[in-house]
Amino acid sequence: MTAQAARPTGADASPARGPAPGRTRARIATGLLLLPATFWYLVLLVLPLLLVVVVSFGVRGEDGGYTPAFTIDNYATVFDRLDPFVTSLQIAIAGTLLCLLVAFPLAYFIATRVTRRKGLLVILLVIPFWTSFLIRTISWLTILGPRGLAGFLSDLTGQDIQILGTPFAILLGIVYNYLPLMIFPLYVTLERLDRTLLEASKDLGAARWATFRQVTLPIIWPGLITGSILVFIPLMGEYVIPTILGRGKIFLIGNVLQLDFLSSRDWPSGSAKAVVLIVVMLITVTFYVWITNRGRRGREVSVL
């Protein structure tokens, strides 16, 4: 074997080198672009959460507020009264399901059945929400009150019917105020739906339910998950609607936090409840996403 033949050639001849200069510059540029967003994420989200956690281990001052300390008594008192957490979870799940039942037919109709004036219908959905959330909720006091629907039903049946102060009134206010958060993610996904897939499923002899389950639902699944999370998370901390339409008869965790921070000024106790609420939401949303993703994989397999 000659010296020339023994010399390594090709990739074996080049020494081990690090990442290319162009790739390194790209990573640096990406890091610089992400730096402002990372800064505001830490300042506006992570830092307030850390402050809440720190305050939750303190004690209430003589005049209210927070006094530095380290105790877990605040968390022990949280579990002494779990009714607001359970009620909030029930209302949040029920409100999310009702928003979905109302939003899906409406979004499906606008996205697939309307050809002209589609933008006008979308604007009509948005116009009521140009006003204040508080004003929209207060307006339902007149609609559901003794001079509104409750009075009409009382005159019709001859019985004293009260709608305000019931779970029905709260759920009605929830659906009205949170409906756009469910409609628009569904509308965006339905707008991208390829109608030829539906026609192909029909030509292959699939029934309407089979087409919806195996074609439409997997396509709109991301919008459904997004809308459900956008509705569920704020509902867990909702206190305006239960206070106004519930007349204080239905006590949610949002009402408890409002009393702790603003009325009794027991910031450590309220912070402990807020931390537990965040943990409950994380567990619930994680479980929900896991279940939905598992069901989505099962449907994809069934389609294949």
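To be clear, the structure that these remarks concern was listed above.
Basis of the calculations
- Residues numbered from 1 in each chain as written.
- Predicted model: local features only at pLDDT ≥ 70, side-chain atom pairs only at ≥ 80, totals over all residues.
- Heavy atoms only, no water.
- Salt bridge = Lys/Arg side-chain N within 4 Å of Asp/Glu carboxyl O.
- Helix = DSSP H or I, 4+ residues; strand = E, 2+ residues; numbered from the N terminus.
- Buried < 20%, exposed > 50% of the residue type's maximum accessible area, 1.4 Å probe, protein only.
- Core = buried A, V, L, I, M, F, W, Y, C linked by side-chain atoms within 4.5 Å.
- Contact = heavy atoms within 4.5 Å.
- 1 Å grid on protein atoms, 1.4 Å probe; cavity = no way out; pocket = protein on both sides within 12 Å on 5 of 7 lines; lining within 4 Å.
- Points joined across faces, edges and corners; volume = space filled by probe spheres on them.
- Nonpolar A, V, L, I, M, F, W, Y, C, P; charged D, E, K, R; others polar.
- Phe/Tyr/Trp six-rings, centres within 6.5 Å; stacked < 30°, edge-to-face > 60°.

Q: Any details on the pattern of salt bridges? Residues and values, ideally.
A: In this structure the tally under the stated criterion is 1 salt bridge. Residue Asp260 is joined to Lys273 by a salt bridge in which the shortest nitrogen-to-oxygen separation is 3.1 Å. Of this pair, Asp260 sits in helix H12 (residues 253–263) while Lys273 sits in helix H13 (residues 267–303), and the two are 13 residues apart along the sequence. Just as Asp260 is buried, Lys273 falls in that class too.

Q: Which residues make up the nonpolar core, and what values do they have?
A: Ranked by size, the top nonpolar core spans 55 residues in total, and within it Ile174, Tyr178, Met182, Leu186, Leu245 and Leu277 carry the most contacts. Elements with a minimum of two residues in this core: helix H3 (73–78), helix H4 (83–113), helix H6 (133–144), helix H8 (167–191), helix H10 (208–236), helix H11 (240–244), H12 and H13. The element contributing the most residues to this core is H8, with 12 residues. Apart from the residues lying within four places of it in its own chain, the contact partners of Leu186 are Leu100, Ala103, Phe104, Ala107, Ile220, Gly223 and Leu224.

Q: Can you lay out the layout of surface pockets for me, pointing to particular residues and giving the numbers?
A: Its boundaries defined by the atoms lining it, the largest pocket holds a volume of some 440 Å³. What lines the largest pocket is a set of 14 residues, among which Tyr108, Arg113, Leu198, Arg208 and Thr211 lie closest to the centre. Elements supplying a minimum of two residues to the lining of the largest pocket: H4, helix H9 (195–203) and H10. Counted by class, the lining of the largest pocket contains 7 nonpolar, 2 polar and 5 charged residues. Considered as a void within the structure, the second largest pocket measures approximately 310 Å³ in volume. Taken together, Ile93, Thr96, Leu97, Leu100, Trp221, Leu224, Ser228, Ile229, Phe232, Thr284, Val285 and Tyr288 form the lining of the second largest pocket. When residues of the lining of the second largest pocket are traced back to their parent elements, those giving at least two are H4, H10 and H13.

Q: Describe in detail the environment of Tyr187, supporting the description with residues and values.
A: Looking at the element boundaries, Tyr187 is found in helix H8. Judged by relative accessible area, Tyr187 falls into the buried class, the value being 15%. When the C-alpha atoms of Tyr187 and Ile220 are compared, they prove to be 8.9 Å apart, with 33 residues separating the residues in sequence. Setting aside residues up to four positions removed in sequence, Tyr187 forms contacts with Ala107, Ile110, Ala111, Lys118 and Val122.

Q: Lay out the packing of aromatic side chains in plain terms, naming residues and giving numbers.
A: Following the criterion strictly, the structure yields 6 aromatic pairs and no others. Here the aromatic rings of Phe57 and Phe70 are separated by 5.2 Å at their centres, their planes lie at 15°, and the arrangement is stacked. Of this pair, Phe57 sits in the loop between helix H2 (21–56) and H3 while Phe70 is found in the loop between H2 and H3, placing the two residues 13 residues apart along the sequence. On the accessibility criterion, Phe57 (22% relative accessible area) is partly exposed.

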